[in-house]
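Residues per chain are reported as follows:
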Amino acid sequence: MFHHRHRLVTLDYLPKAVIDAKKLYAWHSRRIGVTNDADSGSRHITSLDAMRGLAGWSAARPYIQASSRSQLSTGSARFARQLHFQAQLRHRQNAASQVKAQYRSVSTTTATDVGSGLTRFKNIVLGSSIVVFLSFSYLYITDTRASIHEYVVVPLLRTLVPDAEEAHKYGNKSLKALYSFGLHPRERGNPDAKGDLRVEVFGHVLDNPIGTSAGLDKNAEIPDPVLALGPGLVEVGGMTPFPQEGNPKPRVWRIPSQNALINRYGLNSEGAANAALRLRQRVRQFAYQLGLGLDPEAEKAVLDGEAGVPPGSLTPGRLLAVQVAKMKGTPDNDIEAVARDYVYCVNQLAKYADVLVVNVSSPNTPGLRSLQQTAPLTAILTSVVGAAQATDRKTKPAVMVKVSPDEDSEEQVRGICDAIWASGVDGVIVGNTTKKRPDPLPRGYVLPAKEEQLMLEQGGYSGPQMFERTLALVKQYRKTLDKGPIQLTPEEQRGEKPEPKGSDVQIGHDGSAEITPERVDESVQRDQQRLKPMTAEAEAESKQPIIKIPERHAGSAEPAHELQAAEPAFSASTHAVQGTSSRSPAASAGNSSNTSPTPVSEQKEKVIFATGGITNGKQALEVLNAGASVAMVYTAVVYGGAGTISRIKSEMREEMKKR
Ligand SMILES: Cc1cc2nc3c(=O)[nH]c(=O)nc-3n(C[C@H](O)[C@H](O)[C@H](O)COP(=O)(O)O)c2cc1C
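Residues numbered from 1 in each chain as written. Predicted model: local features only at pLDDT ≥ 70, side-chain atom pairs only at ≥ 80, totals over all residues.

In terms of helices and strands, the protein chain carries 22 helices and 16 strands. For the protein chain, buried positions account for 43% of its 659 residues. A separation threshold of at least 6 residues defines the contact pool for the protein chain, and within that pool the share at least 24 residues apart is 72%. (Helix = DSSP H or I, 4+ residues; strand = E, 2+ residues; numbered from the N terminus. Buried ≥ 20, exposed ≤ 12 C-beta atoms within 10 Å, placed from the backbone. Contact = placed C-beta atoms within 7 Å.)

Below, the structure is given as structure tokens:
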């Protein structure tokens, strides 16, 4: 029997004749753990080691010796020899494997040392490369100057999300999420720090005259991410008093060959109260970060200018405009109800705005544009100005009205300008999307059939084709507004009661008021009070950084020269109001006999923002030099992506250098 491993092995084949080997064998057996069975005369191997030992050279030697003396039987001798050779072989193998193992262990230790050093080095290189790559990717992707925004992100979004409204939503949500992780695109290096694009608006110095216009952020969800893209002004809204759905979907379409859009949203809004909550939260967070706390007092401190930033934008050199609109269901002929809608929104939102914008020009709310007639417009704007003045804040928001590019006859523009002067609003945004369908660009271009079809959709059109029209309108408004409040007839100048002129008669939302010289005086006075002159006291009161810039359009040392356009920039001091005697400060103080013209410099110039088809720096400069203070963009951002504003500003600088 022969059992492997720990089993009893009986060596009863050993002949009794092996006497001379017996002693040696017994000694060896004892040494290696083989026992003799006295009764049977058999020998047992009690352990594997013993077995191995027995199988070794020294254990086999006696049998070999015996066999060589022919004392073993032939079979036993053969077996012993086999055992011996196997043992020898195993021994050698063991020895070899021991040597190998020793060698391996030495070499493995050395190799492990070298290997782990190498691995560590590799890991460090790999880790550093990943860190460097991620850092560069982060710096690149989050920089508005990266062309990836225009050439990758925008086409990708357009391909992945074919519906324009969904794409817009997705874009806004992404921007919001990225902002919350600090991964949003932003203008790096503060290119505005040079001050070469500064403009002064409502007593604030804006770092640059580029704005984003209403509709991009309808519910004030992303003012800060949009501000980070580099504009001097961001307009959020339009917001209606209460939530409203807007028109059924689909309601926005792209016209890609023209980089244009058609929309008939119909002022979909989450409502003024929701937006106000969001804006309030934003102010409180800002206060908290400054260590002022999270409570209403902290909020008030920030809104009152104690943080040294404009209360709307919360960012030095930037402004936040908040647009308000009426509900679709409020009847247009009920001016009081319409005015109430706007006033409700103002009461909710004015605290958080640097500028309030009254939207009477959306082409997608039936009847809205009829409110641009002088009488209803004056009534509505007067109410809004009153409500804005009542804002519980140290500095009051400025008020602007956004008008349509489609009401462009001289008479219509004159009527709107009259309402602007009469109501005391601070300025006008010219214009909005158009009902018209401009000719495609370049001239003679034939639209693809699909786009031709889309052009038939009802709604407002926006895109580069509108630019010439916007430019012309800005010039027209500038010229008309600069003529002063109301063109008085010679009889009026003589103090005779003017004849009522159609719709200009009823202006108050109570339906009782007329445009009288007294009323206009009132509005001018109110205007002058609100738009305080640049005195040290005014500056201290507002606690906002106010820098007086010599020229309206620029903040550089040689602004007029640098911004020289095809037409010379408007210079306020060279214009005089025609026939404004009854509205001069002297007249309003009771000196009605004073008929000498009041220079415009003594009145407050109405501010113009331009919107419609502005897509590049050259165009921005053109509208600025035509008399606008801010050039606003929307559709250009949809097609150009997050880098659009930086691009436009850099093009402005290039253009200014050329000139
Ligand atoms: C989809 C879309 C939504 C808009 N929503 C508003 C809005 O709510 N209120 C408003 O006054 N203008 C709105 N506008 C008009 C823009 O603010 C802007 O005045 C107009 O598009 C012209 O400028 P642009 O050529 O730079 O786009 C919207 C425009 C688009 C394309």
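Once you've had a look at it, read on.
Moving on, we get to helix H9 (residues 296-303). Burial in H9 covers these residues: Ala298, Glu299, Val302 and Leu303. What you see down the axis of H9 is that its buried residues fit within an arc of 135 degrees, all on one side. Of the exposed residues in H9, those oriented more than 90 degrees away from the buried face are Pro296 and Glu297. Looking at the packing, one finds that the buried side of H9 touches helix H8 (272-289). Directly after H9, the chain includes Gly305, whose backbone phi takes a positive value near 90 degrees. (Arc of directions from axis to C-beta.)

With that settled, the discussion passes to the sheet that holds strand S14 (residues 460-462). Read from one edge of the open sheet, 3 strands run S8-S9-S14, paired in antiparallel fashion. Where the open sheet ends on each side, the last strands, each with one partner, are strand S8 (252-255) and S14. Shown here is a sheet whose adjacent strand axes are inclined to one another by a mean of 20 degrees, direction ignored. Looking at chain direction, S8 and strand S9 (residues 260-263) are connected through 4 bridges and run antiparallel. By the bridge assignment, Ile255 is partnered in S9 with Ala260. (Pairing = 2+ DSSP bridges. Axes fitted to C-alpha atoms, helices over the stretch in contact; angles between N-to-C directions.)

Taken together, 27 residues are adjacent to the ligand, and Ser213, Gly215, Ser462, Tyr634 and Thr635 come closest. Listed by contribution, the elements that provide at least two residues to the shell around the ligand are S9 and helix H21 (635-640). (Near = placed C-beta within 6 Å.)

Bringing the confidence of the model for the protein chain into the picture now. Counting all residues, the mean pLDDT for the protein chain is 79, and 68% of those residues have values of 70 or more. This stretch, residues 67-72, has a pLDDT under 50; its non-local contacts, to residues over four places away or in other chains, come to 13 contacts. (pLDDT = per-residue confidence, 0-100.)

Within the secondary structure, Ile380 sits in helix H11 (residues 374-389). It is 7.7 Å that separates the C-alpha atoms of Ile380 and Tyr342, two residues lying 38 residues apart in sequence. With near-sequence residues (within four places) excluded, Ile380 lies in contact with Ile335, Val338, Ala339, Tyr342, Val358 and Leu371.

The next point concerns the nonpolar core. Counting 122 residues, the largest nonpolar core has Val324, Val346, Leu349, Leu356, Val358, Ile380 and Val384 as the members making the most contacts within it. Contacts of Val346, omitting those with residues within four sequence positions, involve Val324, Leu356, Val384, Ala387 and Ala388. (Core = buried A, V, L, I, M, F, W, Y, C linked by C-beta atoms within 7 Å.)

As a further point, take the sheet that holds strand S10 (residues 319-324). One closed barrel accounts for 8 strands, arranged S6-S7-S10-S11-S12-S13-S15-S16; its pairing is parallel. Across this sheet, the average inter-strand angle for adjacent strands is 25 degrees, counted without regard to direction. Bridge count for S10 against strand S11 (residues 355-359) is 4 bridges, and the pairing is parallel. Note on S11: the bridge partner recorded for Gln323 is Val357.

The subject of this paragraph is the pairing of strand S12 (residues 398-403). In the case of a regular strand, side chains alternate between the two sheet surfaces. Taken across its 6 residues, S12 has 6 buried, putting it largely inside the fold. Side chains Ala398, Met400 and Lys402 of S12 all project onto a buried face; the interleaved residues Val399, Val401 and Val403 project onto the opposite face, where all are buried too. Note that S11 and S12 share 5 bridges and pair parallel. Bridge pairing in S12 places Leu356 opposite Val399. Chirality of the crossover, the property in question, places the unit of S11, H11 and S12 among those that are right-handed. (Right-handed = clockwise from strand over helix to strand, strands pointing away.)

Further remarks concern unusual backbone geometry. For the peptide bond that leads from Gly237 to Gly238, omega is 0 degrees, which places it in the cis range. Following Lys249, the chain continues to Pro250 via a peptide bond in cis, the omega torsion being -5 degrees. Looking at the secondary structure, you find Pro250 in the loop between strand S7 (233-239) and S8. In this structure, Asn259 is a non-glycine residue whose phi angle is positive, near 50 degrees. Here Asn259 shows up in the loop between S8 and S9. Unusually for a residue other than glycine, Leu314 sits at a positive phi of about 60 degrees.

The next point concerns the packing of H8 against helix H10 (residues 335-349). Direction vectors running N to C along H8 and H10 enclose 15 degrees, while the axes themselves pass 9 Å from each other. Taken together, H8 and H10 sit at an angle that is classed as roughly parallel. Between H8 and H10 lies a crossing of right-handed hand. Counted together, Ala272, Ala273, Ala275, Ala276 and Leu279 of H8 and Tyr344, Cys345, Gln348 and Leu349 of H10 form the full contact between these two elements. In terms of residue class, the contact of H8 with H10 is made up of 8 nonpolar, 1 polar and no charged. (Parallel < 35°, antiparallel > 145°, perpendicular 65-115°, else oblique. Left-handed = near helix turned anticlockwise from the far one by under 90°. Nonpolar A, V, L, I, M, F, W, Y, C, P; charged D, E, K, R; others polar.)

Burial analysis of helix H20 (residues 617-625) places 8 of its 9 residues in the buried class, the great majority of the element. Considered for burial, the residues of H20 that qualify are Gly617, Gln619, Ala620, Leu621, Glu622, Val623, Leu624 and Asn625. Buried-residue contacts for H20 involve strand S6 (210-212), helix H14 (467-482), strand S15 (607-611), strand S16 (630-633) and helix H22 (644-658). Backbone geometry just after H20 places Gly627 at a positive phi near 125 degrees.

With that settled, the discussion passes to the pairing of S15. Extensive coverage of S15 is indicated by the burial of 5 of its 5 residues. Neither face of S15 is open: one carries Val607, Phe609 and Thr611, the other Ile608 and Ala610, and all of them are buried. In terms of strand pairing, strand S13 (residues 427-430) meets S15 through 4 bridges, oriented parallel. Directly across from Ile429, in S15, lies its bridge partner Phe609. Of the strand pairs in this sheet, S15 and S16 are connected by 3 bridges, and their pairing is parallel. Across the sheet, Thr611 pairs through a bridge with Met632, a residue of S16. Taking the sense of rotation as the criterion, the β-α-β connection linking S15, H20 and S16 turns out right-handed.

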